[in-house]
Amino acid sequence: MTDLHLPIDRAAGRLAAQIAAGFRAAIRSGRLTAGTRLPSSRDLARDMDVSRGVVVTAYEQLIAEGFLLARRGDGTRVAPLARPDAPPPAARQQAWPAEPAAETPPGGPDGAFAYDMWPSQPDLAAFPRERWAAAVRASLRALPNEELGYPDPGGVPALRAELAGYLGRVRAANADPDQIVIMNGVAHGLSAVVRMLVGDGHRELAVEDPTSNRQLPMLDAAGARLARVPVDAEGVDVAALARTEARAILVTPAHQYPTGVVLSPGRRAALIAWARDVDGLIIEDDYDAEFRYDREPVGCLQGIDPDRVVLLGSVSKALAPALRLGWAVAPPKPADRLRTHRAHNDLGAPVLEQHALAAFISTGGYDRHLRTMRRQYRARRDVLVEALAEHVPGVRVHGVSAGIHLYVELPPGTDEAAVVAAAARLGVSVGGAAGMWGPGRDGTAPPALVLGYGRLGESRLAQAAELLGRAIAREARG
Ligand SMILES: Cc1ncc(COP(=O)(O)O)c(C=O)c1O
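All values derive from a computational prediction rather than experimental measurement.

Peer 1: What exactly am I supposed to notice about a positive patch on the surface here?
Peer 2: A cluster of like positive charges, contributed by Arg-131, Arg-368, Arg-371 and Arg-375, occupies part of the molecular surface. Ranked by the residues each element gives to the positive patch, the list is headed by helix 12 (residues 365–391), at three residues. Along the chain, Arg-371 falls in helix 12. On the basis of relative accessible area, Arg-371 is assigned to the partly exposed category, the value being 46%.

Here it is as structure tokens:
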């Protein structure tokens, strides 16, 4: 295999990421077909004049994402699921009737605690106010008067183009600007997609067990009937999914919420095979995927099968939830239906903010902010994990080094609600996991806390862990 033609720019650095991107493009374009055997890491490293470790890293990334398969004795091959792009034949598209909307406000944290570890909030104090203001000013200066009218309900072209590039580069998404619809966050995208599915007669929606309880009222309001599917150390159990009636599932493959596990390569392949089998749809909630600390984040599932996946993302964890800016990357027909949904329900997202985000991405401000926050969150996570080990004996931290929350299993028999209340009395706001489990597990799941560490500095996190230790010890004494 001598003609791979993987162009790399040595001056740009991140050679493994460049090589991985070259392989993805080759697989998607059909230049590399399923089953094709790839050169050994040693041979490819020699051909490309890079270190073997660089190729090994690229191969590992692509195996984790499901593009490649490695078997002992059989080398590394292009996975059968990773098929090339194809024009969307009409026969493959489902009907997607739109539904009128009714918004449900999310339940929220308190604000009045000395140590606010309520999950799901980024560090709001780190919002890049000056650089965002500069992006808004620049956009306003450049914006022609005509653009102050009603926008394209699917989003302004400049932002969709920037996002297509960004999501391809950072999330290995297969994103065409025409298939991106700007939404007011993941929540909005989720509500809209589920309403369409329900309108289409698909009320049964599979969700992970446990799952984000913030989304439950939205799914309920959209008319979905939930089928809970257990999550284990490899992510959602696809065999259990196949036993449900559902033909659509909401998943968090890059970093399961709340347990923090990553969907394994085998399960990724099985999930996509399931979707193809039942002619179904995967709704991929990519809520905090930019934040992986021990390695490159696994690329999104949408990049493997853009015909079967709607990718939902937003700037809520990367910048601030208050912006209410997000996106859906969908197959062509559902993307059209989402655009129509916006046209029929709210006439689109605020234009100035969309342009500001486009400018923020194109000038490198978004990447720079993410790099800074990755360093900070990683340090905060490490401190919290260490302090919990010191102050809270018997707890078990789940999940990979990623995101802005920890899922912490308490010693068996601990009264989770009593610990949450005792922590609150000591000034520490934490989430309990009980409400995130489905009816079958809510009394029997191991007691656990969900700790947001995004908003506290390192020393305050260490203090909070000590207070949590006290709360748990008090509860254990009764
Ligand atoms: C797992 C998960 N997905 C999605 C959301 C909603 O995000 P957005 O602000 O993009 O609507 C949240 C919010 O807390 C979340 O925890």
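Peer 1: Please explain the pairing of strand 4 (residues 180–183) as it appears in this structure.
Peer 2: Remember that side chains alternate between the two faces of the sheet whenever the strand is regular. Across the two faces of strand 4 the burial is the same, with Ile-180 and Ile-182 and Val-181 and Met-183 all buried. As paired strands, strand 4 and strand 11 (residues 326–329) are joined by four bridges and run antiparallel to one another. Paired with Val-181 across the strands is Ala-328, a residue of strand 11.

Peer 1: Would you explain the sheet that holds strand 15 (residues 431–432) in this entry?
Peer 2: Two modes of strand pairing occur in sheets, parallel and antiparallel, and in both the strands are linked by backbone hydrogen bonds. Reading across the sheet, the four strands line up as 12-13-16-15 and stay open at both edges, with antiparallel pairing between neighbours. The open sheet has two edge strands, strand 12 (396–398) and strand 15, and neither has a second partner. One ladder, built from two bridges, connects strand 15 with strand 16 (residues 448–452); its direction is antiparallel. Residue pairing in the sheet places Gly-432 in a bridge with Leu-449 of strand 16. This element, helix 12, spans strand 12, strand 13 (405–409) and strand 16 of the sheet and lies at about 15° to strand 13.

Peer 1: Sorry if this is basic, but what is going on with a negative patch on the surface here?
Peer 2: A surface patch of negative charge is lined by Asp-382, Glu-386, Glu-390, Glu-458 and Glu-466. Taken together, the elements giving at least two residues each to the negative patch come down to helix 12 and helix 14 (458–477). The biggest single contributor to the negative patch is helix 12, with three residues. Of note, Asp-382 is situated in helix 12.

Peer 1: What am I meant to see in unusual backbone geometry here?
Peer 2: Note on backbone geometry: most residues besides glycine have negative phi, and most peptide bonds are trans. Residue Pro-210 is reached from Asp-209 by a cis peptide bond, and omega for that bond is 10°. Residue position: Pro-210 is located in the loop between strand 5 (204–209) and helix 7 (216–221). Phi angles above zero are rare outside glycine, and Asp-49 is one such case at about 60°. Assignment of secondary structure puts Asp-49 in the loop between helix 2 (41–48) and helix 3 (52–65). Judged by its relative accessible area of 60%, Asp-49 falls in the exposed class. Not every positive phi belongs to a glycine, and Ala-172 is a case in point at roughly 50°. Tracing the chain through its elements places Ala-172 in the loop between helix 5 (157–171) and strand 4. According to the relative accessible area criterion, Ala-172 is buried, its value standing at 3%.

Peer 1: Help me out: how do you make sense of the site of the ligand in this one?
Peer 2: In the region of the ligand, 13 residues are neighbours, and Val-186, Asp-285, Ser-314, Ser-316 and Arg-324 sit closest. Within the side chain of Asp-285, one N or O atom sits 2.5 Å away from a nitrogen atom of the ligand. Ser-314 has a polar side-chain atom sitting 2.6 Å from an oxygen atom of the ligand. Here the ligand loses 95% of its free accessible area of 400 Å² to cover by the protein chains. Taken together, the residues of the shell around the ligand break down into four nonpolar, five polar and four charged.

Peer 1: How do you make sense of the sheet that holds strand 4 when you look at a structure like this?
Peer 2: Read across the sheet, eight strands follow the order 4-11-10-9-8-5-6-7 without closing on themselves; strand pairing throughout is mixed. On the outer flanks of this sheet lie strand 4 and strand 7 (235–236), each paired with one strand and no other.

Peer 1: Would you mind showing me how to read helix 4 (residues 129–142) here?
Peer 2: Since the α-helix advances by 3.6 residues per turn, residues separated by three or four positions end up pointing in the same direction. Its 14 residues place the ends of helix 4 20 Å apart at the C-alpha level, agreeing with the 20 Å of an ideal helix rising 1.5 Å per residue. All buried positions along helix 4 are accounted for by Trp-132, Ala-135 and Ser-139. Summarising the axial view, the buried residues of helix 4 lie within an arc of 60°, below the 170-degree limit, and thus occupy one face. Exposed side chains of helix 4 directed beyond 90 degrees from the buried face belong to Arg-129, Glu-130 and Arg-141. At its buried positions, helix 4 is contacted by helix 11 (351–362).

Peer 1: For this particular structure, what's the right way to read the nonpolar core?
Peer 2: Generally speaking, a soluble globular protein has its nonpolar side chains buried in company with each other. Ranked by internal contacts, the top residues of the largest apolar core, which has 66 residues, are Tyr-366, Leu-388 and Leu-451. When we break this core down by domain, the ones giving at least three residues each are domain 2 (94–110 + 145–363) and domain 3 (367–477).

Peer 1: In this structure, what is going on with the packing of helix 6 (residues 186–199) against helix 10 (residues 332–345)? I would like to understand it.
Peer 2: For any two helices packed against each other, the geometry is given by the interaxial angle and the distance between the axes. Between helix 6 and helix 10, the least distance of the axes is 11 Å, while the angle of their chain directions is 105°. Taken together, the axes of helix 6 and helix 10 are roughly perpendicular relative to one another. On the side of helix 6, the interface is formed by His-188, Ala-192, Val-193, Arg-195 and Met-196, while helix 10 contributes Arg-337, Leu-338, His-341 and Arg-342. Along the lines of polarity and charge, the residues of the contact of helix 6 with helix 10 split into four nonpolar, two polar and three charged.

Peer 1: Can you walk me through the domain arrangement of the chain in this structure?
Peer 2: A common measure of how large an interface is: the accessible area buried when the components associate. By the assigned domains, the chain splits into domain 1 (10–78), domain 2 (94–110 + 145–363) and domain 3 (367–477). Here the C-alpha centre of domain 3 lies 38 Å away from the C-alpha centre of domain 1.

Conventions adopted
- Residues numbered from 1 in each chain as written.
- Predicted model: local features only at pLDDT ≥ 70, side-chain atom pairs only at ≥ 80, totals over all residues.
- Heavy atoms only, no water.
- Patch = residues over 30% accessible without salt bridge, like charges linked within 9 Å, V, L, I, M, F, W, Y side chains within 5 Å.
- Areas by Shrake-Rupley, 256 points an atom, 1.4 Å probe, with all protein chains shown as cover.
- Salt bridge = Lys/Arg side-chain N within 4 Å of Asp/Glu carboxyl O.
- Lys, Arg positive; Asp, Glu negative; His and termini not counted.
- Charge placed at Lys NZ, Arg CZ, Asp CG, Glu CD.
- Helix = DSSP H or I, 4+ residues; strand = E, 2+ residues; numbered from the N terminus.
- Buried < 20%, exposed > 50% of the residue type's maximum accessible area, 1.4 Å probe, protein only.
- Pairing = 2+ DSSP bridges.
- Contact = heavy atoms within 4.5 Å.
- Axes fitted to C-alpha atoms, helices over the stretch in contact; angles between N-to-C directions.
- Near = heavy atom within 4 Å.
- Polar contact = N/O pair within 3.5 Å; in protein donor to acceptor, adjacent residues only side chain to side chain.
- Nonpolar A, V, L, I, M, F, W, Y, C, P; charged D, E, K, R; others polar.
- Expected span 1.5 Å × (residues − 1).
- Arc of directions from axis to C-beta.
- Core = buried A, V, L, I, M, F, W, Y, C linked by side-chain atoms within 4.5 Å.
- Domains from an automatic or database assignment.
- Parallel < 35°, antiparallel > 145°, perpendicular 65-115°, else oblique.

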